[in-house]
Amino acid sequence: MKIKNARSITPLALAVLLFAPSAFGQPKDSSPLDTRVRAETTPFKGKVFLFAKNLDTGETFSLDGDERVRTASSIKIAVMIEAFGRVAEGRAKWTDELVLTKAARYAGSGVLRELADGLRLTLRDCVNLMMLISDNTATNMVLDDLTTDAVNARINSLGFKNTRIMRRVGSGGESKEGKDPNNKRFGLGATTPHEMVEILAKLDRGEIISAAASKEMLDLMKREQARYAIGRSIADVPMASKYGALDHLRSCVALVYSKRGKIAIAITVDDMPEVNWSVDNPGYLLMSRLSLILIDGLGSSR
């Protein structure tokens, strides 16, 4: 921009000119990583919230990462943590039997809804099904045993104030927070991408329940039987993850063990206009592209 007569410009107007966004809508000091991320998210049909952190260097990137978002099934990480805590404290055993009932049965992901009432599974069986294939019925069986309020108390004690489960999958078992009318919009659970990344960071440091339990939880997450979003195109790179999906939402929380560092990523895509339950959902494809950009942008040279 050429200034024909600088003397006619007030100090305020001059400041506006100096610090105004560039002609391309990005601040002049926008980082290359920010530019690459926004090139993907700006044209996307839906809202995108993300936070990522290189756990080796501490470098972070955020795009509305402190906004509270719906979790869908990624809140099952919190349920898993309470189960491991309960066992570590001796208040439950992995061999405790849980019984499949009609009340626990819920559609969506999983296999238990296809099996007969009265089936007996151990607590560990149900936790594994909840995390490996996101089995909704197994999740409800675990929640009926642990309670949603206990899950929230555990997460709160770890210092996470925005991550909460509101109820069982489908309905029932409302937590104290779930009864709050202001939280009804979240459905199953609420969190922020930032908090989900910090949960992964604590697990990586061995600070949740115990070092042994943290490792066991991450090992369980490494075996999740889905890789549709984060890490989709890098199947040879180890990753611990948990997915979530609703008609207009996709979420993924993952710790990617890349050659350039351990990169923890949480992405939520919401308000997508079309319902698409295929593995090529636009939200999944966007997360895949973003994960590569974040791994590259936050990765350290070795």
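Preceding this paragraph is the structure being described.
Report follows, based on the coordinates. Because the structure is a prediction, the values reported are computed rather than measured.

Turning our eyes to something else, we now look at the overall build of the protein chain. From N to C terminus, the protein chain includes nine helices and 10 strands. Taking all 302 residues of the protein chain together, 49% fall into the buried category. Taking the contacts inside the protein chain whose residues are at least 6 apart along the sequence as the reference set, 64% of them involve residues at least 24 apart. Surface accessibility of the protein chain: about 14500 Å² in total, with carbon and sulfur atoms responsible for 53%.

What follows concerns helix H5 (residues 136–146). Within H5, nine of the 11 residues are buried, which leaves the element mostly enclosed by the surrounding structure. Among all positions of H5, only Asn-136, Thr-137, Ala-138, Thr-139, Asn-140, Met-141, Val-142, Leu-143 and Leu-146 are buried. In the core, the buried residues of H5 are packed alongside helix H3 (76–88), strand S4 (97–99), strand S5 (120–122), helix H4 (123–132), helix H6 (148–157) and strand S6 (164–165). If you check the start of H5, you find a side-chain oxygen 3.0 Å away from the backbone N of Thr-137, and it comes from Asp-135.

Sheet architecture is open: three strands sit in the order S3-S7-S6, paired in antiparallel fashion. This sheet does not close on itself; its edge strands, each paired only once, are strand S3 (69–70) and S6. Relative to strand S7 (residues 189–191), S3 runs antiparallel, the two sharing two bridges. Its bridge partner being in S7, Arg-70 is matched across the sheet by Ala-190.

Along strand S9 (residues 249–258), nine of the 10 residues are buried, which leaves the element largely enclosed by surrounding structure. In textbook terms, the turn of a hairpin is the stretch between consecutive antiparallel strands, and for strand S8 (residues 239–246) and S9 this stretch comprises two residues. When S9 meets strand S10 (residues 261–270), the two strands line up antiparallel, connected through nine bridges. Its bridge partner being in S10, Leu-255 is matched across the sheet by Ala-264. Count of turn residues in the S9/S10 antiparallel hairpin: two residues.

Attention now moves to the environment of Ser-278. Assignment of secondary structure puts Ser-278 in the loop between S10 and helix H9 (282–298). With 50 residues separating them in the primary sequence, Ser-278 and Tyr-228 have C-alpha atoms 9.7 Å apart.

Evaluation of the coordinates by the stated rule reveals four aromatic pairs. Ring centres of Phe-84 and Trp-94 lie 4.8 Å apart, and the angle between their planes is 70°; on these two criteria the pair is classed as edge-to-face. On the criterion of sequence distance, the pair formed by Phe-84 in helix H3 and Trp-94 in the loop between H3 and S4 is long-range, its members being 10 residues apart. Residue Phe-84 is classed as buried on the basis of its relative accessible area, which comes to 4%. Following the ring pairs from residue to residue traces out a cluster consisting of Tyr-228, Tyr-243 and Tyr-284. Lying across the ring of Trp-94, Arg-124 places its NZ or CZ 4.8 Å from the centre. In this arrangement the basic side chain of Lys-222 is found over the ring face of Tyr-257, its NZ or CZ atom lying 4.6 Å from the centre.

Criteria and thresholds
- Residues numbered from 1 in each chain as written.
- Predicted model: local features only at pLDDT ≥ 70, side-chain atom pairs only at ≥ 80, totals over all residues.
- Heavy atoms only, no water.
- Helix = DSSP H or I, 4+ residues; strand = E, 2+ residues; numbered from the N terminus.
- Buried < 20%, exposed > 50% of the residue type's maximum accessible area, 1.4 Å probe, protein only.
- Contact = heavy atoms within 4.5 Å.
- Areas by Shrake-Rupley, 256 points an atom, 1.4 Å probe, with all protein chains shown as cover.
- Polar contact = N/O pair within 3.5 Å; in protein donor to acceptor, adjacent residues only side chain to side chain.
- Pairing = 2+ DSSP bridges.
- Phe/Tyr/Trp six-rings, centres within 6.5 Å; stacked < 30°, edge-to-face > 60°.
- Lys NZ or Arg CZ within 6 Å of the ring centre and 35° of its normal.

Note that all results are geometric; they support no functional claim without further evidence.
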